[in-house]
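Listed below are the residues making up each chain.
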Amino acid sequence: MKPTDTTNPDYFHKVVDCQWACPAHTDVPEYIRLIAQGRFSDAYLENRKSNVFPGILGRVCDRPCEPACRRGRVEDKPVAICRLKRVAADHRDDITDQLPKAPAETNGKKVALIGAGCASLGVANDLAPLGYEITIFEALGATGGLMRTNIPRFRLPPEVLDEEIDYILDMGVDLKLNHPIESMKALLDSDEYDAVFVGTGAPRGKNLEIPGRYDSDRIHIGIEWLESVAFEHIETIGERVLIIGVGNTAMDCCRTSLRLGAKDVKVMARKPRGFFKASDWELEDAEEENVDIVVNHSPKEFVLEDGKLVGMRFDVMEYNIDETGRIDRGKAVDEVMIPCDDVILAIGQDNAFPWIERDIGIEFNEWDCPVVDEKTMMCSRDGVFFGGDSAFGPKNIIWAVAHAHEAAISIHKYCQGEDIGDRLPVGLNLSTQKMGMHEWSYSNDYDPAGRRLMPHVDLKERFKKLDIEVELGFTAEQAAKEVERCLNCDIQTVFTAKLCIECDACIDICPVDCLTITHNGEEADLRTRLSAPAENLEQALYVSDDLPQTGRVMVKDEDLCVHCSLCAERCPTGAWDMQKSHILLPYAADEADSKETTAA
Amino acid sequence: MSYIAKPRVSHPGLPKNKLGLTTRDYEGTVSTLCAGCGHDSVTAAIIQAVFELDVEPHMLAKMSGIGCSSKTPAYFVSQSHGFNSVHGRMPSVTTGANAANRDLMYIGVSGDGDSLSIGVGQFVHAIRRNLNMCYMIENNGVYGLTKGQFSASADIGSLPKKGLPNQQEPIDPVSTALSLGATYIGRSFSGDKEQLVPLIKGALMHDGFALVDVISPCVTFNDHEGSTKSYAHTRQFYHHVTDMDYIPPAEEIKAKYAEGEAMPVELHDGSTIMLRKVDDEYDPTSRAAAFKYLRDHFNAGEITTGLLYINKERREMHDLMGNVDTPLAELPLDSLNPGSTELRKILKRYA
Ligand SMILES: Cc1cc2nc3c(=O)[nH]c(=O)nc-3n(C[C@H](O)[C@H](O)[C@H](O)COP(=O)(O)OP(=O)(O)OC[C@H]3O[C@@H](n4cnc5c(N)ncnc54)[C@H](O)[C@@H]3O)c2cc1C
Ligand SMILES: Cc1ncc(C[n+]2csc(CCOP(=O)(O)OP(=O)(O)O)c2C)c(N)n1
Ligand code: SF4
Ligand code: SF4
Ligand code: SF4
Ligand SMILES: [Mg+2]
């Protein structure tokens with residue numbers, strides 16, 4: 001293999017599995033260390049820089065970081081990254097004076113943001129401090145989008161939502177509630193805005209066209225039903241509820257039903273376990289509340305008696321799963337009728353843009369979604385940008401935030417007449433963490449503690465009201481223990497081949513056998529010759545230049561390194577060093593700064 | 001040295017041996033030697049060897065004298081027996097232990113100072129007796145523990161870190177052992193585990209005195225330019241004449257050996273050493289030939305390594321003395337001590 005090019009920021013960035021997996025690339029190990037030091041406000045601000053909504057995300061993020069966490073490969077449970085974010089938010093002091101502020105004078109450019117969900121709010125957050133005049137148009141009478149209308153209050157209290165949204169609006173954003181945009185053409189033709197951002201989400205719940213669908217008013221579309229509950233238009237439900245679908249929306253529907261008086265709630269899944277869309281933790285939370293998850297039932301028809309919904313008929317399915325884990329389409333082996341009073345359909349969402357005319361240069365693809373550039377977030381019409389669920393279909397909050405940062409860069413460059421494709425590159429700083437003979441700047445001891453369990457409100461207590469937040473947050477002791485589980489993956493092992501005398505000290509001390517000195521070869525061959533099996537092909541091999549004494553190479557399998565520093569500690573020549581990698585992600589403000597400095 | 005303990009966490013895919021143990025289970029406490037010391041690598045090689053041999057920790061006895069090298073038994077197989085004796089006295093303590101319990105596997109770890117200076121008298125007699133043990137010398141040409149004075153294995157002309165070059169003839173433990181009739185003699189290098197691990201395995205399984213002389217650089221006092229025991233010097237003049245594989249009893253010989261390439265040597269327990277000559281001229285079964293070869297290559301400045309001599313004919317100490325198979329430590333008191341009537345009878349013979 002060629003020597004690894006560690007000057008490419010992506011190399012060390014990938015080693016920080018959580019940060020790499022986070023769409024907004026939150027610097028997780030850094031904020032966890034800040035929490036460990038009791039610097040909650042700094043931890044909060046570190047989060048806010050990349051993910052904008054730490055208090056919200058610390059409760060409801062989809063947390064793609066956690067399945068990626070190295071700790072989950074070394075042991076079985078990842079660090080509770082998401083809930084530590086909440087610890088930072090819960091324990092922060094008043095940080096309002098440290099938030100970005102809009103300058104006294106605007107820069108004369110106007111930007112319209114359509115929808116007041118997290119995507120638009122993210123764009124406003126990045127552009128307001130640069131002096132842009134921002135107007136948000138929202139169809140509903142409240143901000144927050146699905147975060148407010150669909151994520152139930154027992155998971156996300158409205159105060160948390162309001163506080164973080166206000167941080168953004170308080171920068172002088174012009175918010176127009178109850179102001180749906182009904183014609184994109186009209187908006188664009190008005191020529192009032194230098195750029196337009198579409199953050200309208202994927203607002204249409206999928207329907208289930210089977211017999212009986214339109215014969216009862218007790219059949220609800222999940223996201224619409226949740227919205228009605230959020231706005232208190234719906235306050236009760238029947239005793240027996242069937243939820244169709246087993247994604248995250250289904251989980252919120254079943255748990256909400258329990259709080260509106262349902263006694264027997266069944267989530268009906270077409271496929272077996274392991275093929276559910278819902279995250280494991282959402283399933284766990286629902287099952288803790290005694291929701292029944294029924295597998296292998298495919299909806300066939302609604303059953304009505306005298307015009308009243310009495311149940312639903314299902315095909316009972318059987319599937320074959322091949323050795324690669326793929327499931328076939330299955331076949332019906334039986335049929336059952338399950339009685340119920342209400343049915344909630346939670347089988348997905350679609351994008352819908354009835355208000356965007358198709359002849360104004362905004363191209364739509366075969367699924368009736370706009371064609372959007374993944375890097376710049378601009379559509380086929382110059383000056384119109386998309387982000388969040390509206391761009392590529394339903395995702396989640398953290399993806400919407402990531403889109404927002406990119407869109408903000410593009411909008412800024414577009415408004416300044418710069419090439420939106422010519423963006424600042426991601427940067428990398430490395431700095432040694434050696435403080436003395438046997439001293440490192442970070443807590444490098446491996447703490448074998450298991451993942452802390454989130455304390456929950458008592459099962460009886462929590463159903464009394466719709467808005468009792470179920471998770472209590474970690475206690476101080478729990479947080480102190482959980483932070484130590486972080487492996488500090490951003491403290492990188494950095495190798496200097498010319499210093500190595502091939503004494504093997506690092507190889508022998510490494511607790512997880514990541515290191516090998518051997519003759520170079522192709523990757524597939526090298527992987528078979530390492531100190532321990534290197535079977536995780538997603539994790540890189542770090543290959544050195546030829547070593548001075550024998551011409552062999554040092555190979556590190558990044559997969560299971562626990563960043564304990566022992567290799568650097570035992571190396572007599574300092575060939576290994578522990579260096580903190582700081583990934584420099586450019587934001588709109590950096591683009592603005594870079595032009596200022598080159599101009600000066 | 002390090003203050004951080006090596007964490008217990010390990011690679012979930014680590015291979016297990018027949019006892020269900022991984023190499024991690026054969027570790028000791030974290031080394032307090034200088035970072036980069038060759039001795040730590042030898043420790044790692046010993047761990048690998050006993051792991052591969054499925055050694056039950058309680059059947060192993062680790063013996064040593066004084067020196068950095070002699071400290072190393074603390075760094076492997078925590079669960080086994082150990083005796084850290086007086087400087088240079090490891091051979092006699094091991095003789096005593098072995099006399100009492102011939103069932104244990106003995107590994108002595110010594111240094112060039114411990115074995116060739118203060119302990120040379122003990123060393124040679126353990127060889128003469130063909131004491132059944134694996135005797136490792138971690139050879140760095142200096143007294144590491146006492147800050148790097150030349151030892152008896154320092155070569156003429158080798159430079160110290162400061163001061164004048166060595167002028168005295170070195171004692172070569174390999175030739176010494178050969179001349180005294182040792183039955184298994186190997187030399188290797190701490191930086192070459194591929195060669196060292198099988199060599200240690202063979203030595204542990206060999207019935208009789210097995211010497212493994214390991215060039216093990218002292219990174220602090222003898223790894224500079226002009227030293228003949230440095231990493232760089234050893235690598236430059238490394239001359240390896242044989243390779244070997246250790247094949248446990250009843251295990252199929254899987255590797256393919258070309259005709260005449262490998263020489264199988266069967267050990268007492270049915271295991272086999274497959275000797276492969278790297279240099280065709282070398283004959284590891286002839287003392288005289290080996291002696292000459294070693295001398296010639298030594299004079300040419302080369303460090304000859306590999307399994308250099310093996311003899312299965314000479315019997316080990318217990319067999320030479322006709323001792324019972326049961327370890328003395330396990331015999332009941334009345335058969336160990338025949339009583340005063342018997343003693344009187346014996347004494348009468350000399351009256
Ligand atoms: C039940 C449910 C639970 C979820 N739970 C989670 C979770 O726990 N964690 C997570 O990360 N994600 C979750 N999601 C997904 C997440 O809510 C969305 O991905 C995210 O809100 C998308 O943000 P957005 O800004 O793109 O759009 P939205 O949040 O949908 O906001 C769009 C806004 O635009 C407004 N709008 C639409 N059309 C117009 C128009 N023409 N004019 C003006 N305004 C308009 C809408 O009223 C809305 O306020 C969940 C989704 C659902 C349905
Ligand atoms: C009876 C006695 N004499 C002298 C010493 C001092 N002493 C301690 S270690 C040592 C030499 C050790 O050299 P070596 O065996 O080569 O071990 P190394 O440290 O080089 O591994 C000496 C002379 C001692 N401990 N005891
Ligand atoms: S920091 Fe070094 S010694 Fe520790 S696990 Fe990583 S490679 Fe191994
Ligand atoms: S400890 Fe240092 S000098 Fe020794 S092999 Fe490792 S990197 Fe090379
Ligand atoms: S002094 Fe030399 S022999 Fe002793 S521990 Fe240090 S490097 Fe090893
Ligand atoms: Mg020595």
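Here is what the cut-offs are and how they apply
- Residues numbered from 1 in each chain as written.
- Chains lettered and ligands numbered in written order.
- Predicted model: local features only at pLDDT ≥ 70, side-chain atom pairs only at ≥ 80, totals over all residues.
- Heavy atoms only, no water.
- Pairing = 2+ DSSP bridges.
- Helix = DSSP H or I, 4+ residues; strand = E, 2+ residues; numbered from the N terminus.
- Axes fitted to C-alpha atoms, helices over the stretch in contact; angles between N-to-C directions.
- Polar contact = N/O pair within 3.5 Å; in protein donor to acceptor, adjacent residues only side chain to side chain.
- Core = buried A, V, L, I, M, F, W, Y, C linked by side-chain atoms within 4.5 Å.
- Buried < 20%, exposed > 50% of the residue type's maximum accessible area, 1.4 Å probe, protein only.
- Contact = heavy atoms within 4.5 Å.
- Donors = N, O, S within 2.8 Å, 3.2 Å for Na, K, Ca; no water.
- Near = heavy atom within 4 Å.
- Areas by Shrake-Rupley, 256 points an atom, 1.4 Å probe, with all protein chains shown as cover.

**Student:** Which parts of the structure should I look at to understand the sheet that holds strand S22 (residues 553-557) of chain A?
**Tutor:** Strand pairing in a sheet relies on backbone hydrogen bonds. The paired strands run either parallel or antiparallel. Residue and element names in this part refer to chain A. Spatially, three strands are ordered S20-S22-S21 in an open sheet, and the strand pairing comes out antiparallel. Of all the strands in the sheet, just strand S20 (515-518) and strand S21 (541-543) have a single pairing partner and so form its edges. Along the sheet, successive strands turn relative to each other by an average axial angle of 25°, direction set aside. For S21 and S22, the ladder comprises three bridges, and the chain directions are antiparallel. When the bridges of S22 are listed, leucine 541 appears paired with aspartate 557.

**Student:** Help me out: how do you make sense of the side chain of histidine 239 of chain B in this one?
**Tutor:** Along the chain, histidine 239 of chain B falls in strand S9 (residues 238-240). For histidine 239 of chain B, the side chain forms a polar contact with the side chain of tyrosine 293 of chain B, separated by 2.8 Å.

**Student:** Is there a simple way to explain the nonpolar core in this structure?
**Tutor:** Nonpolar side chains in soluble globular proteins tend to end up buried together. Residue and element names in this part refer to chain A. Residues Met184 and Phe386 are the most contacted members of the largest nonpolar core, which totals 71 residues. Counting residues per element, this core draws most heavily on helix H17 (residues 397-415), at eleven residues. Among the nonpolar cores identified, the runner-up in size contains 38 residues, and Phe12, Leu487, Val512 and Trp576 belong to it.

**Student:** How do you make sense of the sheet that holds strand S1 (residues 60-64) of chain B when you look at a structure like this?
**Tutor:** All names here are of chain B. Taken in spatial order, the eight strands line up as S2-S1-S3-S4-S8-S7-S13-S9 in an open sheet, and their pairing is mixed. Bordering the open sheet on either side are strand S2 (81-84) and S9, each of which pairs with just one other strand. Each strand of the sheet is rotated relative to its neighbour by a mean of 20°, with strand direction disregarded. Sheet strands in contact with helix H1 (residues 38-52) are S1, strand S3 (105-111), strand S4 (133-139) and strand S8 (209-215), and its direction is about 155° off that of S4. Across the sheet, helix H7 (residues 193-205) touches S3, S4, strand S7 (184-189), S8, S9 and strand S13 (303-310), and the angle it forms with S7 is around 155°.

**Student:** Could you clarify how one ought to interpret the coordination of the magnesium ion (ligand 6) in this entry?
**Tutor:** Residues and elements named next belong to chain B. With distances of 2.1 to 2.2 Å, the protein atoms coordinating the magnesium ion (ligand 6) are Asp112 (OD), Asn140 (OD1) and Val142 (O). Binding-site remark: the magnesium ion (ligand 6) is held by donors from one chain whose sequence spacing is D-x27-N-x1-V. With aspartate 112 in helix H4 (residues 112-116) and asparagine 140 in the loop between S4 and strand S5 (142-143), this residue pair connects regions lying 28 residues apart in the sequence.

**Student:** Looking at this structure, how should I read the site of ligand 1?
**Tutor:** All names here are of chain A. Residues in close proximity to ligand 1 total 33 residues, the closest being Val60, Glu138, Leu146, Arg155 and Asp389. The contact in question runs from an oxygen atom of ligand 1 to an N or O atom on the backbone of cysteine 118, over 3.1 Å. Within the backbone of leucine 146, one N or O atom sits 2.9 Å away from an oxygen atom of ligand 1. Coverage of ligand 1 by the protein amounts to 93% of the 1,000 Å² it exposes when considered alone.

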